[in-house]
Amino acid sequence: MTPRASDAERVELANTAFYECLERGDFEELSALWLDDEISCVHPGWPVLSGRGEVLRSYALIMAHTDYIQFFLTDVRVSVMGDTALATCTENILSGGPAEESGELGPLVGQLVVATNVFRRTPDGWRLWAHHGSPVLADSDDDEDEDSS
């Protein structure tokens, strides 16, 4: 007999599924992960998007204009309080630019984003209520050298 997964483990699985849908470009599955209620999303550098239509439209645009994307999640933390859960993580993102004329993927770009994903428990499992991603701005070694002179 296998032990039942804890709420925190189920939330972590739902959080991972969210990123896997983005990697595969599976809009239908991504849509099913979100609540049908009022939802919100903040992509790095974007204004707040509110409502299911606006949020899902943003993901459709991202998927349509991204040839390749992969997420390596680190620092994943999940806390559950009743029927609400909070998942935070660092998204280590590797994405590919537009295809070159030869048909090959354009240059790969790396980016760090810290994310907060809020989930609510439903009869169908844990569903996304809100996503907020913020870019990580790191000092380069050049900046440190200039400060010390």
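These figures come from a predicted structure and were not determined experimentally.

Rules used in this analysis
- Residues numbered from 1 in each chain as written.
- Predicted model: local features only at pLDDT ≥ 70, side-chain atom pairs only at ≥ 80, totals over all residues.
- Heavy atoms only, no water.
- Helix = DSSP H or I, 4+ residues; strand = E, 2+ residues; numbered from the N terminus.
- Buried < 20%, exposed > 50% of the residue type's maximum accessible area, 1.4 Å probe, protein only.
- Lys, Arg positive; Asp, Glu negative; His and termini not counted.
- Salt bridge = Lys/Arg side-chain N within 4 Å of Asp/Glu carboxyl O.
- Contact = heavy atoms within 4.5 Å.
- Pairing = 2+ DSSP bridges.
- Phe/Tyr/Trp six-rings, centres within 6.5 Å; stacked < 30°, edge-to-face > 60°.
- Axes fitted to C-alpha atoms, helices over the stretch in contact; angles between N-to-C directions.

Mapped onto the secondary structure, glutamate 91 falls in strand S4 (residues 84–96). Comment: no salt bridge for buried glutamate 91; closest opposite-charge side chain is arginine 77, at 14 Å. With residues near it in sequence (within four places) discarded, glutamate 91 still touches Tyr19, Phe71, Phe72, Leu73, Gln111, Leu112, Val113, Ala115 and His131.

This part takes up the environment of valine 118. Residue placement: valine 118 occurs in strand S5 (residues 108–122). You can call valine 118 buried: its relative accessible area is 19%. Along the backbone, valine 118 and valine 11 are 107 residues apart, and their C-alpha atoms lie at a distance of 9.5 Å. Setting aside residues up to four positions removed in sequence, valine 118 forms contacts with Thr84, Ala85, Leu86, Arg127, Leu128, Trp129 and Ala130.

Before going further, it helps to examine the pairing of S5. Within a regular strand, the side chains alternate between the two sheet faces. Two elements, S4 and S5, share 13 bridges in a ladder whose sense is antiparallel. Bridging across to S5, alanine 87 finds its partner in asparagine 117. Pairing geometry for S5 and strand S6 (residues 125–135), over ten bridges, is antiparallel. Each residue of the ladder has a partner; that of valine 114, found in S6, is serine 134. The hairpin formed by S5 and S6 contains two residues between the paired strands.

Turning to the packing of aromatic side chains, a few remarks are in order. Inspection of every chain in the model, using the stated rule, returns five aromatic pairs. Taken together, a centroid distance of 6.0 Å and an interplanar angle of 45 degrees make the contact between tryptophan 34 and tyrosine 59 tilted. Linking tryptophan 34 in the loop between helix H2 (27–33) and strand S1 (40–42) with tyrosine 59 in helix H3 (residues 52–64), this pair joins segments that are 25 residues apart in sequence. Accessibility classification places tryptophan 34 together with tyrosine 59 in one group, the buried group. Ring pairs connect the aromatic residues Phe18, Tyr19, Trp34, Tyr59 and Phe71, which therefore count as one cluster.

Before going further, it helps to examine the sheet that holds S6. Pairing within the open sheet is mixed, and its six strands lie in the order S2-S1-S6-S5-S4-S3. Two strands lie at the open edges of the sheet, namely strand S2 (49–50) and strand S3 (68–81), each paired on one side alone. Along the sheet, helix H1 (residues 7–24) makes contact with S3, S4, S5 and S6, crossing S3 at roughly 160 degrees.

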